[in-house]
Amino acid sequence: MLGINNQVVSFVSPPPTTTTTIEATDLEDGHPNHQLWNKMTDNIGRHSFSSRANFLRSDSSINTVEDFLDTLINSSHYDRRIRPFFDQHKACNVTMTIHINTISAINEVNMDYNTDLIFRQSWYDPRLNYSGTEWAKRSPEITLHYSLIDRIWVPDSFFRNAKEGKRSDITVPNRLIRIHRDGKVLYSQRLLLKLDCQMKLQKFPLDNQTCVVNIGSYAFGTKDLSFYWDETPNTSAIRVNEDLEMPDFVLSNFEQRYCNRTTATGSFTCLLVVLHLKRLFGYYLVQVYIPSMLIVILSFVSFWIDHKSVPARISVGLLTVLTVTTQSSGIRSQLPRVSYIKAIDVWMSACLVFVFAGLLEYALVNVIARKNELRQQVRFSREVIGNRLAQVHFYKKDDTHQTNIETTETLARKTSVTEKNLRSGSITSPLIQNSAISNTTAPSQTPQVILSQQAPVSKTAKPIRDTAQLVDLVSAILFPVAFIVFNIIYWMVYLNMQVEYVLK
């Protein structure tokens, strides 16, 4: 106790120095035993308080908390540039917790997602220990204004896979700094981040994705700074908002992991939050799979339309092809340009093949029908010409010139009628007319010659006419069966396929 200018200033003599170390046997799975670690930091905090107490004025002279804080974090004896335990050549252990508020804007094209989270860090700084003062009884912990964060040392933690990020400033900067009397510091802040997420889209849209939050130290190596998840009993280092909802995904599971990164500048500690996301299939089922399936079924309806209805068959074929092509282009615009084949690519390609094959099938049927009609016309023309020659040869045997002239004129007139009927597609009417000619102007032998040649014409025309219809009938059965088989194989393969995600 000294009197200086009628003022009393008291000093606290330092207690004996005690050193606590952590042996290799005190490590559990690469992490220190937290009970021993807390005991060590408490001892260090109590014994190192003597060096800090020399700078604290007597309780009687520190009347306000402002004076106390100014004394505690005075820049003349507290250097924020130096990390805790630097003089003792020990690493500063930082425990972390994360509370995830929202996960949104999961983008397959850019392979990233947005998250709103509360990031908490805690560590021990012996220079901030005030447990031996009167203020420790008054206030076991002190919550500082966010502007004072620039006056104390904080870890240089950063998010390794962050593309963009900022602190929330609504309505004030969302930052918390709290100092406990034993020197423990709690630093909490709310962050808005856009994080990278390398997605595997082989099963899209039947896929599950794994995204991470990678936290590491930027400058301090493992010898200076170590990160640990808070493993306090009955607490969880990773917490997720119970009301968390995403439009395309559901958070099926999450886990915490440890990792280390070795770069050109050294070895650094890091922590991982692994988020397992399961894609919701309902949107793609309603918007993609069911419409495309109905379009394919619509293309199968054209097989039951008469092949002579050219506008109807062509319209159905072209519209289905164009619709599937447009739908496929819209889906591709929402996905990245990856080199591998996705499940949605297989589905849309198969649908396009089915509707395009239906259009080609009608082209084949049309060609077959036109060839059959041409063959029918050629064969029938040969029959008509043969009948005409036989009739002319018969009438030449008549000695009456007038009868020959009349017969020739009648035959010519009836032949012209036959040719008109041939152009209009009638087959049997010319034959009937030829029979009428022979019954009125010729002897009884003429009908026998004509009727004996009509039978082959009708027998050859009938199977030729049914060939195009037979192709349509086979296609109407074969195409739906092939589409059903494709669906069975497709869903069995992609629902059971497993895509492994390797964390690097």
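Residues numbered from 1 in each chain as written. Predicted model: local features only at pLDDT ≥ 70, side-chain atom pairs only at ≥ 80, totals over all residues. Heavy atoms only, no water.

## Things to note about the overall build of the protein chain
Thought 1: Summing up its helical and strand segments, the protein chain has nine helices and 16 strands in all.
Thought 2: Partitioning the contacts of the protein chain with sequence separation of at least 6, the portion at a separation of at least 24 is 76%.
Thought 3: By element, 56% of the accessible surface of the protein chain is carried by carbon and sulfur atoms, the whole surface being about 28300 Å². (Helix = DSSP H or I, 4+ residues; strand = E, 2+ residues; numbered from the N terminus. Contact = heavy atoms within 4.5 Å. Areas by Shrake-Rupley, 256 points an atom, 1.4 Å probe, with all protein chains shown as cover.)

## Quick look at the UniProt feature "transmembrane region" (unreviewed entry) in the protein chain
Thought 1: Feature annotation in UniProt places "transmembrane region" (unreviewed entry) on residues 281–305, 346–369 and 470–493, given in this structure's numbering.
Thought 2: Spanning residues 470–493, this segment combines 100% helix with 0% strand, and its end C-alpha atoms are found 35 Å apart. (UniProt positions renumbered as here; feature names shortened; annotations may be inferred.)

## Some thoughts on the packing of aromatic side chains
Thought 1: By the definition in use, this model includes 29 aromatic pairs.
Thought 2: Seen in terms of ring centroids, F204 and Y284 are 5.2 Å apart; in terms of plane orientation they differ by 75°. Their pairing is edge-to-face. Note that F204 is positioned in the loop between β11 (184–196) and β12 (208–217) and Y284 in helix α4 (residues 282–301), a separation of 80 residues in sequence.
Thought 3: Look at Y490 and W491: their rings are 5.1 Å apart centre to centre, the planes differ by 90°, and that puts the pair in the edge-to-face class.
Thought 4: Here the aromatic residues F281, Y289, F300, F303, W347, F354, F479, F483, F486, Y490, W491 and Y494 are joined through ring pairs into a cluster of three or more. (Phe/Tyr/Trp six-rings, centres within 6.5 Å; stacked < 30°, edge-to-face > 60°.)

## Focus on the state of the cysteines
Thought 1: Summed over all chains, the structure comprises two disulfides.
Thought 2: At a sulfur-sulfur separation of 1.9 Å, the disulfide partner of C197 is C211. Taking the torsion about the sulfur-sulfur bond, which here is approximately -80°, the covalent link between C197 and C211 counts as left-handed. Within this pair, whereas C197 is found in the loop between β11 and β12, its partner C211 is found in strand β12, the two being separated by 14 residues in sequence.
Thought 3: A sulfur-sulfur distance of 1.9 Å marks the disulfide that ties C259 to C270. Here C270 lies in strand β16 (residues 266–279) and C259 lies in strand β15 (residues 249–263), a separation of eleven residues in the sequence. Each member of the pair, C259 together with C270, is buried.
Thought 4: With its bonded cysteines labelled in order along the sequence, the protein chain shows the pairing 1-2, 3-4. (Disulfide = S-S within 2.5 Å. Buried < 20%, exposed > 50% of the residue type's maximum accessible area, 1.4 Å probe, protein only.)

## Some words on the side chain of T133
Thought 1: Within the fold, T133 resides in the loop between β6 (112–124) and α3 (134–138).
Thought 2: One polar contact links the side chain of T133 to the main-chain carbonyl oxygen of Y130, over a distance of 2.8 Å. (Polar contact = N/O pair within 3.5 Å; in protein donor to acceptor, adjacent residues only side chain to side chain.)

## So, the pairing of strand β13 (residues 225–229)
Thought 1: Burial of β13 is extensive: five of the five residues sit out of reach of the surface.
Thought 2: Because side chains alternate across β13, one face comprises the buried residues L225, F227 and W229, and the other comprises S226 and Y228, equally buried.
Thought 3: Judged from the five bridges that link them, strand β5 (residues 92–107) and β13 form a sheet pairing that is parallel. Across the sheet, C92 pairs through a bridge with L225, a residue of β13. (Pairing = 2+ DSSP bridges.)

## Let's talk about the nonpolar core
Thought 1: Ranked by size, the top nonpolar core spans 85 residues in total, and within it I98, Y113, F159 and W229 carry the most contacts.
Thought 2: The greatest single-element share of this core, amounting to nine residues, is contributed by helix α6 (residues 343–395).
Thought 3: Ignoring anything within four residues of it in the chain, the contact list for I98 reads L117, I118, F119, I215, W229, A237, I238, R239 and V273.
Thought 4: Counting five residues, the second-largest nonpolar core is a separate cluster that includes C259, C270, L272 and V274. (Core = buried A, V, L, I, M, F, W, Y, C linked by side-chain atoms within 4.5 Å.)

## Concerning the sheet that holds strand β8 (residues 157–159)
Thought 1: Spatial ordering of the open sheet is given by β8-β12-β16-β15, a layout of four strands whose pairing is antiparallel. Edge strands, defined here as strands with exactly one partner in the open sheet, are β8 and β15. Neighbour-to-neighbour, the strand axes of this sheet turn through a mean angle of 20°, independent of strand direction.
Thought 2: In terms of strand pairing, β12 meets β16 through nine bridges, oriented antiparallel. Counterpart to N208 in the pairing with β16 is K278. (Axes fitted to C-alpha atoms, helices over the stretch in contact; angles between N-to-C directions.)

## Here's the deal with the packing of α4 against helix α5 (residues 310–332)
Thought 1: Relative orientation of the contacting elements α4 and α5 amounts to 165°, with a least axis distance of 9 Å. As judged from the angle between their axes, α4 and α5 are roughly antiparallel. With respect to the hand of their crossing, α4 and α5 are arranged in left-handed fashion. Contact with α4, carried on its side by Q287, V288, P291, S292, I295, L298 and S299, involves V316, T320, T323, V324, Q327 and I331 of α5 and no other residues of that element.
Thought 2: Looking at the contact of α4 with α5 residue by residue, the class counts come to seven nonpolar, six polar and no charged. (Parallel < 35°, antiparallel > 145°, perpendicular 65-115°, else oblique. Left-handed = near helix turned anticlockwise from the far one by under 90°. Nonpolar A, V, L, I, M, F, W, Y, C, P; charged D, E, K, R; others polar.)

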